[in-house]
Amino acid sequence: MTDRTAAVPRTLPAHHRPHATRRIRRAVRAPLKHCLLALCALTMLYPVLWMVASSLRPNHQIFRSAGLAVTHPHLENYSNGWNAFSQPFSHYMINSAIVVTGAILGNLLACSLAAYAFARLEFRAKRVLFATMLVTIMLPIHVIIVPQYVLYSELGWVNTFLPLIVPKFLATDAFFIFLMVQFIRGIPREIDEAARIDGAGHARIFFHVILPLMIPALATTAIFTFIWTWNDFYTQLIYLTDPDMYTTPLALRTFVDQQTATDWGSVFAMSVVSLVPVFLVFLAGQRFLLRGIATTGGK
C-alpha cells in the first residue's frame, strides 16, 4: 500500500499560484498605501499643528524650533491676542459671522433659483446665457474689482457689509449655479410632471418638490460659501476701512505691524481661534459635502 500522506503536494498547483501571488501582493500593498496616506496627511497637517504648538510658546521660542513639543504652555498668548485691540476679538468674529450668514443665504436662494431656470425652463438664448455664466468662472476677481468698487462707491456702500452680501443675492457665484444645475438634471422629470398635473406651477414645484430633494447640493453650497467667505481677505480689505468693521482676516493682519515688533504668539493664538469655526462646520457637514459632490459630479 502506498502512503497517502506522502502523495500530498507540498506546493500549490500551477493554476493556483497566480491567485496566491495576487493575495500576497494585495496584503503587502494595503499597509504600504496606508503608510503613504498617513505620511501625506501628516505632511499636510504639520503646518497647522506647528501653528497650534507655536500659539503656546513665548515669542523668543517660536522660530527657534520646528518641532511640535511644548514643555511649558504659554496660555497668555490667547488672552493677550483676544484683548489686543480696542474691541475684543469676538467683535471681529461676529462681523465675519454677519457677512458669512448673508453670503450663505444669498447663494442658497439666488443660485438655486438660477439653477432651476437653467435646468427645467425653456427660454430664448438659454444655451448662450448658460455658456456665458460658465465663462465668468474663469474671470479673475482683479478684472472686475475696479468697476465694482466704483459702482459701490457711487451707491455709498463702501465701508459697509453690503458689497460683500448683496451680490450673493444676484447669483454671482457661477460655480454653485453649475453644481445645482447638475444636481437638478439628475432628478427625474416625472416628478415635475406629476406635480404639474396636480395643478402646481413653477414656484410650487421648485419650493415644494425640487428644493427638498436638493439638500446635498444646498449643504455643499453652504459649506463652501462659509469657508471661502470666512477666509476671504482681498475683497474685505478693499471695501472695509473702519477698524470697527473689520472681519477676522483683517483683524489678524492688524497684528503684523511694520513699525513695531510683531507679537507672533498672539497672532498664532488668534489664528487657531479663527480656524475653529471652519473645522466645526466642515466636520458637521462632511457627510452632506461628500454626498453633494458625489451626486453632482457623475451626471
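Our subject is the structure listed above.
My aim in this report is to walk through the structure given alongside it, one point at a time. (Residues numbered from 1 in each chain as written. Predicted model: local features only at pLDDT ≥ 70, side-chain atom pairs only at ≥ 80, totals over all residues. Heavy atoms only, no water.)

**What about a positive patch on the surface?**
For step 1, the next point in the chain: On the surface, R22, R23, R25, R26, R29 and K33 cluster together to form a positively charged patch.
For step 2, the next point in the chain: Its place among the elements puts R23 in helix α1 (residues 17-54).
For step 3, the next point in the chain: Using a relative accessible area of 58% as the deciding quantity, one classes R23 as exposed. (Patch = residues over 30% accessible without salt bridge, like charges linked within 9 Å, V, L, I, M, F, W, Y side chains within 5 Å. Areas by Shrake-Rupley, 256 points an atom, 1.4 Å probe, with all protein chains shown as cover. Salt bridge = Lys/Arg side-chain N within 4 Å of Asp/Glu carboxyl O. Lys, Arg positive; Asp, Glu negative; His and termini not counted. Charge placed at Lys NZ, Arg CZ, Asp CG, Glu CD. Helix = DSSP H or I, 4+ residues; strand = E, 2+ residues; numbered from the N terminus. Buried < 20%, exposed > 50% of the residue type's maximum accessible area, 1.4 Å probe, protein only.)

**A closer look at the packing of aromatic side chains**
For step 1, the next point in the chain: In total, this model carries 22 aromatic pairs according to the counting rule given.
For step 2, the next point in the chain: When the centroid spacing of 6.2 Å and the interplanar angle of 45° are considered together, the rings of W50 and F63 count as tilted. Linking W50 in helix α1 with F63 in the loop between α2 (59-62) and α3 (76-82), this pair joins segments that are 13 residues apart in sequence.
For step 3, the next point in the chain: Residue class for W50 comes out buried when judged on its relative accessible area of 17%.
For step 4, the next point in the chain: Taking the relative accessible area as the measure of exposure, F63 reaches 53% and is therefore exposed.
For step 5, the next point in the chain: Seen from their ring centres, F130 and F178 are 6.4 Å apart, and the 35° between their planes marks the pair as tilted. A residue pair is termed long-range when its members are at least 10 positions apart, and F130 in helix α5 (residues 126-135) and F178 in helix α8 (residues 174-185) qualify at 48 residues.
For step 6, the next point in the chain: Of the residues examined, F178 reaches a relative accessible area of 32% and is grouped as partly exposed.
For step 7, the next point in the chain: Lying over the aromatic face of F130, R185 brings its terminal NZ or CZ to 5.4 Å of the ring centre. (Phe/Tyr/Trp six-rings, centres within 6.5 Å; stacked < 30°, edge-to-face > 60°. Lys NZ or Arg CZ within 6 Å of the ring centre and 35° of its normal.)

**A closer look at the pattern of salt bridges**
For step 1, the next point in the chain: Counted according to the given criterion, the structure contains three salt bridges.
For step 2, the next point in the chain: Between R120 and D192 there is a salt bridge, with its nearest N and O atoms 2.5 Å apart. Placement of the pair is R120 in helix α4 (residues 89-120) and D192 in helix α9 (residues 189-197), with a sequence separation of 72 residues. Here R120 matches D192 in class, with each residue buried.
For step 3, the next point in the chain: Between K168 and D173 there is a salt bridge, and its shortest N-O distance comes to 3.2 Å. For the pair K168 and D173, one class covers both residues: buried.

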